[in-house]
Amino acid sequence: MASLPVIVVHGGAGNIPRARESMSSAGVREAAKAGYVCLQAGGSAMDAVVEAVTLLENNPTFNAGRGSVLTQKGTVEMDAIVMDGRTLASGAVSAVRRIANPVQLARLVMDKTSHLCLTAEGASQFARNMGIPEVQEESLITEYSIMRWRKNLSPDANPVESHMGKMGTVGAVAVDLQGNIACATSTGGMLNKMEGRVGDTPCIGCGAYADNKLGAVSPTGHGEAIMKVTLSRLILFYMEQGKSVREAADMGLAYMWDRVQGRGGVVVVDPKGEWVARFNSLQMAWAAAQGGQLHYGMYGEEHFTRDIQEQKEPEPQSQEAHSPTRSTDTHTDTQ
Amino acid sequence: MEPTIVVHGGAWAVPDSLAEASVAGVKAAARDGFAILKIGGSALDAVELAERALEDDLAAFDAGCGAVLNTDGEVELDGKTLAAGAVSSVRNITHPVTLARAVMEKTDHIMLTDRGASQFAESIGITTVPTDALMTESERREWEHYKKYAPEPNPFCSVRGHDTVGAVALDHRGNLACVTSTGGIRNKMVGRVGDTSIIVSGGYDDDQSGAVSCTGHGESIMKVTLARLILFNMELGNRVCLARDAVDVSLAYMGERVQGGGGAIAIAPSGDWAARFTTQRMVWATAKGESLFYGLDPQDMFEEKLSK
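Thresholds, definitions, all that
- Residues numbered from 1 in each chain as written.
- Chains lettered and ligands numbered in written order.
- Predicted model: local features only at pLDDT ≥ 70, side-chain atom pairs only at ≥ 80, totals over all residues.
- Heavy atoms only, no water.
- Pairing = 2+ DSSP bridges.
- Helix = DSSP H or I, 4+ residues; strand = E, 2+ residues; numbered from the N terminus.
- Axes fitted to C-alpha atoms, helices over the stretch in contact; angles between N-to-C directions.
- UniProt positions renumbered as here; feature names shortened; annotations may be inferred.
- Contact = heavy atoms within 4.5 Å.
- Salt bridge = Lys/Arg side-chain N within 4 Å of Asp/Glu carboxyl O.
- Buried < 20%, exposed > 50% of the residue type's maximum accessible area, 1.4 Å probe, protein only.
- Buried area = accessible area lost by both parts, 1.4 Å probe.
- Polar contact = N/O pair within 3.5 Å; in protein donor to acceptor, adjacent residues only side chain to side chain.
- Core = buried A, V, L, I, M, F, W, Y, C linked by side-chain atoms within 4.5 Å.

(A) Structural context of the sheet that holds strand E11 (residues 275-279) of chain A. Residue and element names in this part refer to chain A. Across the sheet, which stays open at both edges, the four strands sit in the order E8-E9-E10-E11 with antiparallel pairing between neighbours. At either margin of the open sheet sits one strand with a lone partner, and together these are strand E8 (209-211) and E11. Ignoring which end each strand starts from, the neighbouring axes of this sheet average 10° apart. Relative to E11, strand E10 (residues 264-269) runs antiparallel, the two being bridged by five bridges. Considered in E11, the bridge of Val-269 is made with Trp-275.

Here it is in structure tokens:
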């Protein structure tokens, strides 16, 4: 039953290695719960999505914040966006380095400037002006991301294909008790991307869109494909023409596959609190909280439901420790 | 298919002192681009050539040369594959639009920003020029004066230089292309990315629905994803004035929803075209068949025969 408030989060579409499945699932469930607690306490949809995405950025399992994939040069450059469906206000940062929570910086761009997007060095300058501490680049890098970076430096590697093997972007959409809608998306981008590459995430209408009159979308998948079809806005156009959240999401993903052979996934809500998590990749870790229930899944039509109060969270098997230096990497590889 | 090209030189309160030069600039750019289309050239080559002509026009426009330090450029073409390229916050490049095309053709990505964009330019042999060459003296003075960022008081009636230039074209094979380039708003924060380089907002084209290039208050354009919105309205429309109605409806929505002014040029796959705006003025020119159409004030529709 659709009801308010509601929050839906995703941890990226792709192929999730079995060893990482439980960590991914636990991560999105935790984020959905945290956002829901915020909404139930009367918090705004914007507060809830930023809270949920912040947790996902802090979780090294996901390709956002700590745990981001590396550029060709082995650095971390992150993109993030937020959008407020009341006013269509939005804030984004692209190719930003050495901060822990790009989604929070994106929100500051929205709240404190009259611009929508700041990039690279300009975004860093703005972060400094806002008193956001600069973090060591190493603190954002995990052994797993270094392993994947090395593996994809070889000339015959296909980072696009391989990217689907690492959980992609993270995101959240929510409707609060007042009926206001917001969304947020954050990512480390594409595996072994060129320095300065900007994907779909910080581009309004591609990496996020929210409008109180229509709903909200946060996508994940092959960024260049998402940009070409402007996936988030496309799905909302379908909803504007009377499609349900599920029909609209499926039509948008099908169009992206037909037109530019891109795969991905989305979480979508509408103003009544109808929601859906859909994808045409093998997996997408997602979780939703509504009416005291926690919904979650990872494969195709998988949909588990449990009481949100239930304490029995399966513990992740191992927490990935971040590596203080890259020399500790022990994975065998070509380089 | 009858080749058509439409160019614009920015939607804003163009002062009378710049009016003549601006009109002459877009007319020349439309002629240049149209010459390519007439000999069977592609829509992409035509818009790029027109755009470069505008970027070089120091006297009238503010993209590329004459731009305020940071520039964005976007090219989007091949409505067949939706391939696209863009650069944002790139410095010291005379033709951001050519660099954007290189991003599309030579990388797997769509958009490069800042230092990464500059490094890419260097790696493919696009030369950079000293900042001085991109700034006119009056711009430098103004920039020094306004370096401390202040929001635009009223985006609807901005009178300061705020030029985006753009072009859309339809070639004889029925392919569409669009391109947009800008110096962005004066006194923008370092690293501010406007609508130009954002695929849905500054420009969008799809052989199945049409091509659009937008100008005006960048943040408003982004909020309503104006270019994509116009194309959605074109997809839904079945009226005679397909392009004009779609642009008007979309600009009205932008004014109503986020109180933003702007303008757009559009071409439908049928060749139906429009150049419309809600700002005080927008300089534009269209070459089609034997005629060159152009205008500056809202109801303008001048026509002259293309010579030769």
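(B) Main features of the pairing of strand E14 (residues 304-307) of chain A. Residues and elements named next belong to chain A. Bridging between strand E13 (residues 293-299) and E14 involves four bridges; their strand directions are antiparallel. Following the sheet pairing, Tyr-296 is matched in E14 by Phe-304. With antiparallel pairing between neighbouring strands as the criterion, E13 and E14 make up a hairpin whose turn holds four residues.

(C) Representation of the UniProt feature "active site" (unreviewed entry) in chain A within the structure. On the UniProt side, "active site" (unreviewed entry) is annotated at positions that read Thr-169 of chain A here. With residues near it in sequence (within four places) discarded, Thr-169 of chain A still touches His-10, Gly-11, Gly-12, Asn-63, Thr-185, Ser-186, Thr-187, Thr-201, Pro-219 and Thr-220 of chain A.

(D) Spotlight on the pattern of salt bridges. All names here are of chain A. Tallied over the full model, the rule gives 29 salt bridges over all chains. One salt bridge connects Glu-137 with Arg-98, and the closest N-O pair in it is separated by 3.5 Å. In this pair, Glu-137 is assigned in the loop between helix H4 (120-129) and helix H5 (143-151) and Arg-98 in the loop between strand E3 (89-96) and helix H3 (102-112), connecting sequence segments 39 residues apart. Judged by its relative accessible area of 29%, Arg-98 falls in the partly exposed class. Between Glu-134 and Arg-128 there is a salt bridge, with its nearest N and O atoms 3.6 Å apart. When its relative accessible area of 43% is taken as the criterion, Arg-128 is described as partly exposed.

(E) Looking closely at the interface of chain A and chain B. Facing the 47 residues of chain A at the interface are 48 residues of chain B. Of the roughly 3800 Å² buried between chain A and chain B on both sides combined, carbon and sulfur atoms contribute 62%. When the area that chain A buries against chain B is broken down by residue, the three leading residues are His-115, Lys-228 and Arg-259 of chain A, summing to 17%. Where chain A meets chain B, there are three salt bridges. With its nearest N and O atoms 2.6 Å apart, the salt bridge here joins Arg-259 of chain A to Asp-206 of chain B. Across the contact surface, chain A and chain B share 14 residue pairs in polar contact (both at pLDDT 80 or more). Elements with a minimum of two residues in the side of chain A that touches chain B: E3, strand E4 (117-119), H4, strand E7 (197-198), E8, helix H7 (223-229), helix H8 (231-240) and helix H9 (245-260) of chain A. In terms of residue count, the dominant contributor to the side of chain A that touches chain B is H4 of chain A (five residues). Relative to strand E4 (residues 111-113) of chain B, E7 of chain A runs antiparallel, the two sharing two bridges. Within E4 of chain B, the residue paired with Arg-197 of chain A across the bridge is Leu-112 of chain B.

(F) Geometry of the UniProt feature "binding site: substrate" (unreviewed entry) in chain A. Residue and element names in this part refer to chain A. The UniProt record marks Arg-197, Val-198, Gly-199, Asp-200, Thr-220, Gly-221, His-222 and Gly-223 with the feature "binding site: substrate" (unreviewed entry), using the residue numbering of this structure. Position of Gly-199 relative to the elements: it lies in the loop between E7 and E8. Residue Gly-199 is classed as buried on the basis of its relative accessible area of 0%. With near-sequence residues (within four places) excluded, Gly-199 lies in contact with Asp-79 and Met-227. By the secondary structure assignment, Asp-200 is in the loop between E7 and E8. Residue classification places Asp-200 among the buried positions, given a relative accessible area of 4%.

(G) The arrangement of the environment of Ile-5 of chain B in detail. Residues and elements named next belong to chain B. Residue placement: Ile-5 occurs in strand E1 (residues 4-12). Exposure remark for Ile-5: the relative accessible area of 0% places this residue in the buried category. The spacing of Ile-5 and Lys-305 is 300 residues in sequence and 15 Å in space, taken between C-alpha atoms. For Ile-5, the contacting residues outside a window of four places in its chain are Ala-30, Gly-33, Phe-34, Leu-37, Ala-46, Val-47, Ala-50, Val-168, Ala-169, Ala-285, Thr-286 and Ala-287.

(H) Representation of the nonpolar core in the model. Judged by nonpolar contacts, the single largest core of 82 residues is most densely connected at Val-268 and Val-269 of chain A together with Ile-230 of chain B. In this structure, Ile-230 of chain B is in contact with Val-212, Cys-214, Ala-246, Val-247, Ser-250 and Ala-264 of chain B, ignoring residues within four places of it in sequence. With 54 residues, the next largest nonpolar core counts Leu-56, Phe-62, Leu-105 and Tyr-296 of chain A among its residues.

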